[in-house]
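Observations on the model geometry
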Amino acid sequence: MLFYRAALPLSRQTLDYVAGVIRRHRGAIGSVWRRLNPGRQVLLVLAYLRKGETFGDLGAGFGVSTTTAWRYVEETVELLAGRAVGLRKALRQARTDGHAYLILDGTLIAIDRVAADRPFYSGKHRHHGMNVQVIATPDGDIAWVSGALPGSVHDLKAAWIWRICHELEAAGWITLADKGYQGATALLTPYKGKNKPESQKAANRAHARLRGCGERANAQLKSWRVLRKLRCCPDKAGQLVKAIHVLQDREIRTARQG
């Protein structure tokens, strides 16, 4: 077997932050010794999330078993997901940051399912996956991510399940969304139909320009390659997305401070 070194496009501050989380967790549960120290455990987890490496390859590279690599990832993802911001707090933070409006969009996290798994099949994307709702800022950054629902769930229904429209309306937000959310009173969606008057066409063009940043937020999530196609249980998708949001937010704040 051959081994090689590789780079991760992540900051040292992010590694130190997560290592601190692991270190405190080990102290809380009384874990005295492990094969990898907190820093090496975090490096393994970041390689899994960012590069989408398999547990077998990670275990071989870090000198641990496949089961141990899986256990390290499960533990760290759970701890990070527990630190993800809630919807109300995210909306308050966005107000504090001075944003004029927000963008709501859904994204599909592809999963490795067969044709028989109909609840996971998205007719819109023509692929099996998990539906995740993302609220983005006008800068294109992720403000909040929901849990995951089967891909057959429509975006509007997902927004209703997570009470997104209710919270946005209660907080007085102007929120842009695509045509998939047509009918939600709390959201501004494009005009539908053919032969629209020029005023509606112009409004749709302006709406699309403002809403385009929401796609950048989804692209930030998919830059973590583990989300491009999940090989784990679909029920883990929501936890993975929330953990990655915590890491991505840490990266953005570090870049701005630097």
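Computed from a predicted model, the values in this text were never measured in an experiment. (Residues numbered from 1 in each chain as written. Predicted model: local features only at pLDDT ≥ 70, side-chain atom pairs only at ≥ 80, totals over all residues. Heavy atoms only, no water.)

1. Some details on the overall build of the chain
Along its length, the chain carries 10 helices and five strands. Taking 18 Å as the expected radius of gyration for a compact globule of 258 residues, we find that the chain reaches 20 Å, a close match to that expectation. The dimensions of the chain, computed from C-alpha atoms along their principal axes, are 65 × 45 × 30 Å. A sequence separation of at least 24 residues applies to 64% of the contacts in the chain between residues at least 6 apart. Across the chain, the mean location of the 41 positive side-chain charges is 1 Å away from that of the 21 negative side-chain charges. (Helix = DSSP H or I, 4+ residues; strand = E, 2+ residues; numbered from the N terminus. Rg over C-alpha atoms; globule rule 2.2 N^0.38 Å. Contact = heavy atoms within 4.5 Å. Lys, Arg positive; Asp, Glu negative; His and termini not counted. Charge placed at Lys NZ, Arg CZ, Asp CG, Glu CD.)

2. Focus: helix H5 (residues 87-96)
If you check which residues of H5 are buried, you get Leu87, Ala90, Leu91 and Ala94. Seen from one end, H5 has its buried residues packed into an arc of 100°, which puts them on one side. Opposite the buried face of H5, at more than 90 degrees from it, the exposed residues are Arg88, Lys89, Arg92 and Thr96. If you follow the buried residues of H5, they end up packed against strand S1 (102-110), strand S3 (127-136), strand S4 (142-150) and helix H7 (164-170). (Buried < 20%, exposed > 50% of the residue type's maximum accessible area, 1.4 Å probe, protein only. Arc of directions from axis to C-beta.)

3. Focus: the packing of aromatic side chains
Here the structure, examined in full by the defined rule, presents one aromatic pair. Sitting over the ring of Tyr17, Arg250 keeps its end group 3.8 Å from the ring centre. (Phe/Tyr/Trp six-rings, centres within 6.5 Å; stacked < 30°, edge-to-face > 60°. Lys NZ or Arg CZ within 6 Å of the ring centre and 35° of its normal.)

4. Some points on the packing of helix H2 (residues 38-51) against helix H10 (residues 237-257)
A pair of packed helices is characterised by two quantities: the angle between their axes and the separation of those axes. At a closest axis distance of 12 Å, the pairing of H2 and H10 adopts a crossing angle of 105°. The angle between H2 and H10 places the two elements in the roughly perpendicular class. Judged by residue contacts, Leu46, Tyr48, Leu49 and Arg50 of H2 engage Leu240, Ile244, Leu247 and Gln248 from H10. Classifying every residue of the contact of H2 with H10 by side-chain character gives six nonpolar, one polar and one charged. (Axes fitted to C-alpha atoms, helices over the stretch in contact; angles between N-to-C directions. Parallel < 35°, antiparallel > 145°, perpendicular 65-115°, else oblique. Nonpolar A, V, L, I, M, F, W, Y, C, P; charged D, E, K, R; others polar.)

5. Digging into a positive patch on the surface
Taken together, the side chains of Arg23, Arg24, Arg83 and Arg250 present a region of like positive charge at the surface. As for its placement among the helices and strands, Arg23 is situated in helix H1 (residues 12-29). For Arg23, a relative accessible area of 49% translates into the label partly exposed. (Patch = residues over 30% accessible without salt bridge, like charges linked within 9 Å, V, L, I, M, F, W, Y side chains within 5 Å. Areas by Shrake-Rupley, 256 points an atom, 1.4 Å probe, with all protein chains shown as cover. Salt bridge = Lys/Arg side-chain N within 4 Å of Asp/Glu carboxyl O.)

6. Thoughts on the pattern of salt bridges
As enumerated under the stated definition, the model contains nine salt bridges in all. Put simply, Glu75 and Arg34 hold a salt bridge, and the shortest N to O gap is 2.7 Å. Residue Glu75 is located in helix H4 (residues 66-81), and its partner Arg34 is located in the loop between H1 and H2; the two are separated by 41 residues in the primary sequence. Just as Glu75 is buried, Arg34 falls in that class too. Between Lys124 and Asp155 there is a salt bridge, with its nearest N and O atoms 3.7 Å apart. Of this pair, Lys124 sits in the loop between strand S2 (121-122) and S3 while Asp155 sits in helix H6 (residues 155-161), placing them 31 residues apart in sequence. Lys124 sits in the exposed class, given a relative accessible area of 59%. Through salt bridges with shared partners, a single ionic network connects Asp141, Arg216 and Arg256.

7. Details of the nonpolar core
In this structure, Leu44, Leu49, Leu221, Leu227 and Leu230 are the most contacted members of the largest nonpolar core, which totals 48 residues. Listed in part, the 19 residues of the second largest apolar core include Leu91, Leu104, Cys165 and Ala184. (Core = buried A, V, L, I, M, F, W, Y, C linked by side-chain atoms within 4.5 Å.)

8. Description of the confidence of the model for the chain
Put simply, the chain has an average pLDDT of 92, and 98% of its residues get 70 or more. Within the chain, S2 has the poorest average pLDDT of any element, 85, and H4 the best, 97. (pLDDT = per-residue confidence, 0-100.)

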